[in-house]
Amino acid sequence: MYESGDLRKGLKIEIDGDPYEIVDFEFVKPGKGQALYKCKLKNMITGVQFDKTYRSGEKINKADLEEQEMEYLYTDGDHYHFMNTSTFEQDSMSAEQLGDSVKFLKENTVCNVLFFQGRPIGLSLPNFIELRVVRSDPWVKGDTASGSYKPAELETGLTVQVPPFVEEGQKLRIDTRTGQYVERVKE
């Protein structure tokens, strides 16, 4: 159990049987009366957000969350299948549960899967992932304007802006937090 004084941004709590993450937090001490803890909460399953205020001394349930290292195996239609790297048990998640993470998933990617009461609800990707360019416009000689970028489609279907010297078939390091090109990878 947490007390209202333990609340902070990023903390995961349980309300009415659902896990919530505190996405914004503000401490308010009025001139008289109790201190207030204003939180913006996000449901970790549905993504719904709402505001809730706690008074000083209130008790809050801790979310029953567990994170396991899993390897992405394959997709069949709308479901993405993962295997626990230590127990070899398999679980699957839908595209809605994964959200934008599907743009970075390729087979054999090791990531952390978040479980709530034994069922998978979310995914944490590594900060950087290496993906191959499958389609990119050729570099036009003389096109050296500073800051010029061109679109490149990667093997997962993700399109990123890359410098003009990047060609098809090259491997790139992509930042999964921003979805942007970082550098070319030497093979």
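Below: a short report on this structure. Here the structure is a predicted model, which is why all the values come from computation and not from measurement.

1. With respect to the overall build of the chain
Here's step 1: Check the secondary structure of the chain and you find one helix and 16 strands.
Here's step 2: Taking 16 Å as the expected radius of gyration for a compact globule of 187 residues, we find that the chain reaches 22 Å, considerably beyond that expectation.
Here's step 3: In terms of principal-axis extent, the alpha carbons of the chain reach across some 70 × 45 × 25 Å.
Here's step 4: Per-residue burial for the chain yields a buried fraction of 36% across its 187 residues.
Here's step 5: Look at the contacts in the chain between residues 6 or more apart in sequence, and 43% of them connect residues 24 or more apart.
Here's step 6: Summed over all atoms, the accessible surface of the chain reaches about 11,300 Å², with 44% contributed by carbon and sulfur.
Here's step 7: Positive and negative charge centroids in the chain, built from 24 and 32 side chains respectively, lie 8 Å apart.

2. With respect to the packing of aromatic side chains
Describing an aromatic ring pair means giving the distance of the ring centres and the angle of the ring planes.
Here's step 1: By the definition in use, this model includes five aromatic pairs.
Here's step 2: With 6.0 Å between their ring centres and 35° between their planes, Y72 and Y80 make a pair best called tilted. Of the two residues, Y72 and Y80, neither departs from the other in class, the shared state being buried.
Here's step 3: Grouped by ring-pair contacts, the aromatic residues F25, F27 and Y37 constitute a single cluster.
Here's step 4: The residue whose ring lies beneath R177 is F128, and the NZ or CZ to ring-centre distance is 5.3 Å.

3. Some details on the sheet that holds strand β14 (residues 159-162)
Here's step 1: As summarised here, the arrangement of the five strands in space is β14-β13-β12-β15-β16, forming an open sheet in which the pairing is antiparallel. Both edges of this open sheet fall to β14 and β16 (180-185), since each of them pairs with a single strand only. For this sheet, the mean angle separating the axes of adjacent strands, direction not counted, is 50°.
Here's step 2: Direction of pairing for strand β13 (residues 150-154) relative to β14: antiparallel, over a ladder of four bridges. Bridge pairing in β14 places E153 opposite T159.

4. Some remarks on the sheet that holds strand β7 (residues 65-76)
Here's step 1: On the basis of which strands lie adjacent, the open sheet formed by five strands has the order β9-β8-β7-β10-β11 and antiparallel pairing. Two strands close off the open sheet at either side, each with one partner strand: β9 (90-94) and β11 (119-124). For this sheet, the mean inter-axis angle between neighbouring strands, taken without regard to orientation, is 45°.
Here's step 2: Alignment of β7 against strand β8 (residues 79-84), held across six bridges, turns out to be antiparallel. Opposite T75, over in β8, you have Y80 as the bridge partner.

5. With respect to the pairing of strand β2 (residues 12-15)
Here's step 1: The sheet contact formed by β2 and strand β3 (residues 18-28) spans four bridges and is antiparallel. Residue pairing in the sheet places I13 in a bridge with Y20 of β3.
Here's step 2: The turn linking β2 back onto β3 is made up of two residues, and D16 within it adopts a positive phi angle of 50°.
Here's step 3: Looking at chain direction, β2 and strand β6 (residues 59-62) are connected through two bridges and run antiparallel. The partner of I13 across the bridge, within β6, is K62.

Rules and cut-offs
Residues numbered from 1 in each chain as written. Predicted model: local features only at pLDDT ≥ 70, side-chain atom pairs only at ≥ 80, totals over all residues. Heavy atoms only, no water. Helix = DSSP H or I, 4+ residues; strand = E, 2+ residues; numbered from the N terminus. Rg over C-alpha atoms; globule rule 2.2 N^0.38 Å. Buried < 20%, exposed > 50% of the residue type's maximum accessible area, 1.4 Å probe, protein only. Contact = heavy atoms within 4.5 Å. Areas by Shrake-Rupley, 256 points an atom, 1.4 Å probe, with all protein chains shown as cover. Lys, Arg positive; Asp, Glu negative; His and termini not counted. Charge placed at Lys NZ, Arg CZ, Asp CG, Glu CD. Phe/Tyr/Trp six-rings, centres within 6.5 Å; stacked < 30°, edge-to-face > 60°. Lys NZ or Arg CZ within 6 Å of the ring centre and 35° of its normal. Pairing = 2+ DSSP bridges. Axes fitted to C-alpha atoms, helices over the stretch in contact; angles between N-to-C directions.

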